[in-house]
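Observations on chain architecture
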Amino acid sequence: MNNDLLPVGVRRDGSYYTRIEWTNKTEADPTFWVCNLIRDDLERNGGTWGANTESRADVVLSFFGEIQEIGKIRIFRNVGITISILEELAKVINIYVSETDEPRKLRRQEDSIDSVAWTLIKSQLMEKAEGWQEIVLDKPVRAKFVRFELVDNFCHDFNIDPFIPWVETSEIKIYPQ
């Protein structure tokens, strides 16, 4: 066992502990709850954040009120249940940050994510495959809140009929470098 001390707020894998502050889309079925983004459950039939929407899905994570410097993000791409198809995965994820307390005013599903000032730090094309995808930022940025915007899925590319509105991903881990 390694007895090295880790900084407060950092997991053994080097990622920050995060908290979900707000989302505009979640489901009643625990298979698709937004809280799965910060759980260590990467299996089918559990662990997925699936947003049944024909528009974007947003989630805001925080570092428990602290400002942290982030340089790398890892996203586990997974679809929720056995019958789900990979085309339901998020195709594009926009990542924004805020150093202010302004995102705290987001409290209800009806609140507008655009009422808060955000800085876009990365627009990432995702791979259509299950497993981890690493996103390295061009330069480290400071953040109190990090917003992930799932823009679209792969169903449009493959003309799936009928169109499947699920936009899915699974766990999100944020790292200093």
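Residues numbered from 1 in each chain as written. Predicted model: local features only at pLDDT ≥ 70, side-chain atom pairs only at ≥ 80, totals over all residues. Heavy atoms only, no water.

**Points about the environment of Glu127**
Considering the arrangement of structural elements, one finds Glu127 in the loop between strand 6 (119-125) and strand 7 (131-143). Owing to a relative accessible area of 45%, Glu127 belongs among the partly exposed residues under this scheme. Taking the C-alpha atoms as reference points, Glu127 and Val146, separated by 19 residues in sequence, lie 21 Å from one another. In contact with Glu127, other than residues within four places in its own chain, are Arg77, Leu89, Gln133 and Phe154. (Helix = DSSP H or I, 4+ residues; strand = E, 2+ residues; numbered from the N terminus. Buried < 20%, exposed > 50% of the residue type's maximum accessible area, 1.4 Å probe, protein only. Contact = heavy atoms within 4.5 Å.)

**Remarks on the sheet that holds strand 5 (residues 90-98)**
Ordered in space as 1-3-8-5-6, the five strands form an open sheet in which the pairing is antiparallel. This sheet does not close on itself; its edge strands, each paired only once, are strand 1 (19-23) and strand 6. On average, adjacent strands in this sheet sit at an angle of 25° to one another, irrespective of strand direction. Sheet topology note: the strand 5/strand 8 (residues 145-153) ladder contains eight bridges and is antiparallel. (Pairing = 2+ DSSP bridges. Axes fitted to C-alpha atoms, helices over the stretch in contact; angles between N-to-C directions.)

**Overview of the sheet that holds strand 7**
An order of 7-4-10 is seen for the three strands of this open sheet, with the pairing classed as antiparallel. A strand with exactly one partner marks an edge of an open sheet, and here the two such strands are strand 7 and strand 10 (172-175). Averaged over all neighbouring strand pairs, the angle between strand axes comes to 20°, with direction disregarded.

**Looking at the nonpolar core**
Among soluble globular proteins, nonpolar side chains are generally buried collectively. Core analysis: the largest hydrophobic core is formed by 29 residues, its most contacted members being Ile70, Val146, Phe148 and Ile174. Within the residue set of this core, elements represented by two or more residues are strand 2 (49-52), strand 3 (57-62), strand 4 (68-77), strand 5, strand 7, strand 8 and strand 10. Filtering out sequence-adjacent residues up to four positions away, Phe148 remains in contact with Ala57, Asp58, Val59, Leu61, Ile73, Ile93, Asn94, Ile95, Ile172 and Ile174. Of all hydrophobic cores here, the second largest spans eight residues; its members include Val60, Val116, Trp118 and Phe145. (Core = buried A, V, L, I, M, F, W, Y, C linked by side-chain atoms within 4.5 Å.)

**What to know about the confidence of the model for the chain**
With 95% of its residues at a pLDDT of 70 or more, the chain has an overall mean of 92. Ranking the elements of the chain by mean pLDDT puts strand 2 last with 92 and strand 6 first with 98. (pLDDT = per-residue confidence, 0-100.)

**Digging into the pairing of strand 9 (residues 166-169)**
Every second residue of strand 9 is oriented toward a common face, with Trp166 and Glu168 on one face and Val167 and Thr169 on the other, all of them buried. Pairing of strand 2 with strand 9 involves four bridges; the strand directions are antiparallel. Paired with Asn52 across the two strands is Trp166, which belongs to strand 9.

**A few points about the pattern of salt bridges**
Under the defined criterion, the tally for this structure stands at 21 salt bridges. Residue Arg147 pairs with Asp58 through a salt bridge whose shortest N-O separation is 2.9 Å. Of this pair, Arg147 sits in strand 8 while Asp58 sits in strand 3, and the two are 89 residues apart along the sequence. Exposure class is identical for Arg147 and Asp58. Each is buried. One salt bridge in this structure joins Glu99 and Arg142, with 3.2 Å as the shortest N-O distance. Residue Glu99 is found in the loop between strand 5 and strand 6, and its partner Arg142 is found in strand 7; the two are separated by 43 residues along the sequence. In this structure, a network of salt bridges that share partners links the residues Arg56, Asp58, Asp114, Arg147 and Glu149. (Salt bridge = Lys/Arg side-chain N within 4 Å of Asp/Glu carboxyl O.)

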